[in-house]
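What follows is each chain in one-letter form.
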Amino acid sequence: MKVRKFSVSQMRQQQAFEFYNKVYQKVRYCSFTDIKPYLEAMKTANEEFDVALKTIRKNIITEKITEEDENRDRAWRGIRAAVQNGLNHFKPEVVLSAKKAAIILNTYGDPTRLPYTEETGVLRNLHTDLDKKLQFADHQALGILDWLKELARANEAFATQVGYRQSHHVNLRAGETKAKRLAVDAAFNKLVEMINAYLLIAEDPTRLYEAIVNINQVINEESAVIKARRTRSAKKKANESDIPDADDGEEEDIIS
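First, a word on scope: everything that follows refers to the structure included in this document. Along every chain, residues carry numbers that run from 1 in the direction the sequence is written. Reporting in this predicted model follows two pLDDT cut-offs: at least 70 for local features of residues, and 80 or more for side-chain atom pairs to be given and counted; totals over whole chains, interfaces and linings ignore these cut-offs and use all residues. Hydrogens and water molecules were not included; the side-chain quantities draw on all heavy atoms of the structure.

### Overview of the overall build of the chain
Okay, so step 1: Secondary structure elements follow DSSP: runs of H or I of four or more residues count as helices, runs of E of two or more count as strands, with numbering from the N terminus. The number of helices and strands found in the chain is eight helices and zero strands.
Okay, so step 2: Order of helices (α) and strands (β) in the chain, N terminus to C terminus: α-α-α-α-α-α-α-α.
Okay, so step 3: Buried means the residue's accessible area, taken with a 1.4 Å probe over protein chains only, is under 20% of the maximum for its type, while exposed means over 50%, and partly exposed covers the values in between. Looking at the chain residue by residue over its 256 residues, the buried ones come to 39%.
Okay, so step 4: Any two residues whose heavy atoms approach within 4.5 Å are treated as being in contact. Within the chain, counting contacts between residues at least 6 apart in sequence, those at least 24 apart form 80% of the total.
Okay, so step 5: Accessible surface computed for the chain: about 15500 Å², of which carbon and sulfur atoms make up 52%. The Shrake-Rupley method, run with a 1.4 Å probe sphere, supplies the accessible areas, and residue values consider only the shown protein chains as cover.

If you want it as structure tokens, here you go:
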């Protein structure tokens, strides 16, 4: 019996932090006290890694980015509300303008539910379609001229802020995070090496079995997560290589 081989580099950042935390919690009360210094070293390295992870998240998502994200979401909701009101308007020409706009909105769904980067691209395309496929008279009839301007402004301001933060801060923080990750990886590997080496010289190797069983349990759990992720990724790539010409499913309209 020994700690099974496990390539820690295949874990993603947050998964790695949680993995090392689980190992510590599982092994900290084991009776074999010789592993304590190695275990505590891993714990300390993991805590420093956690601080680095939190710092990079804080630097990426600034107050300005959050503000402009809220502004662009508000602009999209303003346009949607105007179109919904137009559908119930007493003037036929306003209803006609609203119907044309509703078709465009329903094509894109609700972009505010998307991840940051994906939402930016969708809103750019949505703005282009609303601007080019509708006539100026449609914009006036629905009262969305100012909303369209605000949507474009806020979306581009958001993209600019994200790009600025990434170019000026994230590269530095990512380097710090990588260094902390490598440190905790090394600390875990030292712990495993110590346990497996002690098995060869210990008079009573069974004293280590509790720690080995617990560590292997965590490794098995994380291996299953990694395997499932790779399976999903493989299926996704297979599906993307065989995309049908038309959508077989139906998607609920935002505006009906």
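### Quick look at the packing of helix α3 (residues 63–87) against helix α5 (residues 116–132)
Okay, so step 1: In this analysis an axis means a line fitted to C-alpha atoms, helices contributing only their contacting stretch, and an angle means the value between N-to-C directions, from 0 to 180 degrees. Axis separation between α3 and α5 bottoms out at 12 Å; the angle between their running directions is 40 degrees. Crossing of α3 against α5: the hand is left-handed. Contacts between α3 and α5 involve I65, D69, R72, D73, W76 and I79 from the former and Y116, E119, T120, L123, L126 and L130 from the latter.
Okay, so step 2: Classification used: nonpolar for Ala, Val, Leu, Ile, Met, Phe, Trp, Tyr, Cys and Pro, charged for Asp, Glu, Lys and Arg, polar for all others including Gly. Here the residues of the contact of α3 with α5 sort into seven nonpolar, one polar and four charged. The handedness criterion is simple: a crossing whose near helix is rotated anticlockwise from the far helix by less than a right angle is left-handed, and one whose near helix is rotated clockwise is right-handed.

### Notes on the side chain of T112
Okay, so step 1: With respect to the secondary-structure elements, T112 resides in the loop between α4 (92–108) and α5.
Okay, so step 2: Each polar contact in these results corresponds to two N or O atoms within 3.5 Å; when the atoms are within protein, one needs to be able to donate a hydrogen and the other to accept it, and residues that are neighboring in sequence are counted only if both atoms are side-chain atoms. There is a polar contact of 2.5 Å between the side chain of T112 and the side chain of D110.
Okay, so step 3: T112 has contacts with D73, W76, R77 and E119, leaving out every residue within four places of it along the chain.

### As for the packing of aromatic side chains
Okay, so step 1: Stacked, tilted and edge-to-face pairs are distinguished by plane angle, under 30 degrees for stacked and over 60 for edge-to-face with tilted covering the rest, among Phe, Tyr and Trp rings (Trp via its six-membered ring) whose centres lie within 6.5 Å. What the rule picks out here adds up to six aromatic pairs.
Okay, so step 2: With a centroid separation of 5.4 Å and 40 degrees between ring planes, the pair formed by F6 and F19 is classed as tilted. Of the two residues, F6 is situated in the segment before α1 (13–27) and F19 in helix α1; the sequence distance between them amounts to 13 residues. One exposure class covers both F6 and F19, and it is buried.

### Side note on α1
Okay, so step 1: End to end, α1 covers 22 Å across 15 residues, agreeing with the expected 21 Å (1.5 Å per residue, within 8%).
Okay, so step 2: Within the sequence span of α1, burial applies to Q15, A16, F17, F19, Y20, V23, Y24 and V27. A helix's residues, less one, multiplied by 1.5 Å, set its expected span.

### Let's talk about the nonpolar core
Okay, so step 1: Core analysis: the largest hydrophobic core is formed by 34 residues, its most contacted members being M42 and F188.
Okay, so step 2: The set of elements that each furnish at least two residues to this core consists of α1, α2 (36–60), α7 (145–201) and α8 (209–240).
Okay, so step 3: If you tally residues by element for this core, the top one is α7, at eight residues.
Okay, so step 4: Excluding anything up to four places from it in sequence, M42 contacts Y20, V23, Y24, V184, A187, F188 and L191. Here the nonpolar core consists of buried residues drawn from Ala, Val, Leu, Ile, Met, Phe, Trp, Tyr and Cys, with membership extended through side-chain atoms lying within 4.5 Å.

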